[in-house]
Amino acid sequence: MIILSGKEVKPSLLALACSDSNLPKLSFYLYSDKDSFPSFYYLKGIKKILTELNIPFTEGFLDKNDKEENNLARFKEEEKGKYVIVARPLGISYEDKFLSLIDPSYDPDMMTTINKGKLYSGDLNYLPATAKSVKEILKFFKLDIASKKCLVLGRSLTVGLPLAELVNKGNGLLVLAHSKVSSVMLNKEAKEADFIFLATGKPSLISRESFNPQQVVIDCGFSKGGGDLGFVPNDDELSSYTPVPGGVGVLTSICLILNALFLEKNH
């Protein structure tokens, strides 16, 4: 079994970013709910790589005790001219209004309507960071999804649906499922799949018995207990898989930088 380590892929992506003449032009704005531990953990990795690459950044915070219009006004003023990362979820009903204020040219996680439209028109340059991380892992380890049956488990706008577009553009046979599909159907599809992409944030939706030694598993989930796979496979259980931690998540921060560099080049 091959462990698809993000740590092996990261040096080449860092080198790519460092060699880009647009790198000194970047600056970031990181927005979050300062009381959210998941947001703190997510932004910690981003701030680390921004510091490593000498990319300036500022932070803004949601004030849940203030009015909606005041929070939005502060966000709009503070994010101008910077590449914006919103650590979601913010835990408020008007979260999408923040995304609507972001200029698509400064949206490295590709969450604005215009950038999503470009992705679903077939341009993989607009993959959000996690899906781009998966693309880079497949490329680095020379894993070809063409004509392979690919089960994508998850339908979020940030991970599941972009992964489905990645499979589609890679000429794979796409099966898109989610946590509301019955366990019987999920396990049936899993048994027949060559590639399984896990992206629901819910571990163990597929039973251990439904995996086989010919399969590649890309686990995009993350929790304190590990990823969506729900177990650490033995050497003879899978062909290859991404560990959690140490797999896809290792690359998301650098992929945000690479997305920003792409946008900077194409302003």
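Our subject is the structure listed above.
Cut-offs applied
Residues numbered from 1 in each chain as written. Predicted model: local features only at pLDDT ≥ 70, side-chain atom pairs only at ≥ 80, totals over all residues. Heavy atoms only, no water. Pairing = 2+ DSSP bridges. Helix = DSSP H or I, 4+ residues; strand = E, 2+ residues; numbered from the N terminus. Axes fitted to C-alpha atoms, helices over the stretch in contact; angles between N-to-C directions. Parallel < 35°, antiparallel > 145°, perpendicular 65-115°, else oblique. Contact = heavy atoms within 4.5 Å. Nonpolar A, V, L, I, M, F, W, Y, C, P; charged D, E, K, R; others polar. Salt bridge = Lys/Arg side-chain N within 4 Å of Asp/Glu carboxyl O. Buried < 20%, exposed > 50% of the residue type's maximum accessible area, 1.4 Å probe, protein only. Right-handed = clockwise from strand over helix to strand, strands pointing away.

1. Concerning the sheet that holds strand E6 (residues 173-177)
Strand order in the open sheet made by the 6 strands is E1-E9-E8-E7-E5-E6, with parallel pairing throughout. Here the strands that pair on one side only, and so sit at the sheet edges, are strand E1 (2-3) and E6. As paired elements, E1 and strand E9 (residues 240-241) share 2 bridges and run parallel to each other. Across the sheet, residue Ile2 finds its bridge partner in E9, namely Ser240.

2. As for the packing of helix H6 (residues 129-140) against helix H9 (residues 252-265)
The geometry of H6 relative to H9 is characterised by a closest axis approach of 8 Å and an angle of 100 degrees between their N-to-C directions. It follows that H6 is roughly perpendicular to H9 by the angle criterion. Two secondary-structure elements touch here, H6 through Ala129, Thr130, Lys132, Ser133 and Glu136 and H9 through Thr252, Cys255, Leu256, Leu258 and Asn259. Split into classes, the residues belonging to the contact of H6 with H9 amount to 4 nonpolar, 4 polar and 2 charged.

3. Topic: the pattern of salt bridges
Using the criterion set out here, one finds 12 salt bridges in the structure. The partner of Lys149 in a salt bridge is Glu189, and the shortest N-O contact between them spans 2.9 Å. Of the two residues, Lys149 sits in strand E5 (residues 149-153) while Glu189 sits in helix H8 (residues 183-192), which places them 40 residues apart along the sequence. Between Lys188 and Glu192 there is a salt bridge whose closest N-O contact spans 3.4 Å. One end of the pair is Lys188 and the other is Glu192, both in helix H8 and 4 residues apart, which spans about a single turn. A relative accessible area of 47% places Lys188 in the partly exposed class. What makes Glu192 partly exposed here is its relative accessible area of 41%. What emerges from the salt-bridge pattern is a single network uniting Lys149, Lys188, Glu189 and Glu192.

4. As for the pairing of E6
With 5 bridges connecting them, E5 and E6 associate as parallel partners. From the neighbouring strand, Cys150 faces E6, where its bridge partner is Leu174.

5. Structural notes on the pairing of strand E2 (residues 28-32)
Two faces make up the sheet, and in a regular strand the side chains alternate between them. Burial analysis of E2 places 5 of its 5 residues in the buried class, which makes it a mostly covered element. Alternating residues of E2 divide into Phe28, Leu30 and Ser32 and Tyr29 and Tyr31, and every residue in both groups is buried. As for the winding sense of the linkage, the β-α-β connection from E2 through helix H2 (residues 37-52) to strand E3 (residues 57-61) is right-handed. Both E2 and strand E4 (residues 83-86) contribute to a ladder of 4 bridges, which runs parallel. When the sheet's bridge partners are listed, Leu30 is paired in E4 with Ile85.

6. So, the sheet that holds E4
Ordered by their spatial adjacency, 3 strands build an open sheet running E3-E2-E4, and the pairing between neighbours is parallel. Both outer strands of the open sheet, E3 and E4, are each paired with one neighbouring strand and no more. With direction set aside, neighbouring strand axes in the sheet form an average angle of 20 degrees. Of the strand pairs in this sheet, E2 and E3 are connected by 5 bridges, and their pairing is parallel. The partner of Phe28 across the bridge, within E3, is Phe57. Packing of H2 onto the sheet brings it into contact with E2, E3 and E4, and relative to E2 it is tilted by some 170 degrees. Against the sheet, H9 makes contact with E2 and E4, and its axis sits at roughly 145 degrees relative to E4, the strand it touches most.

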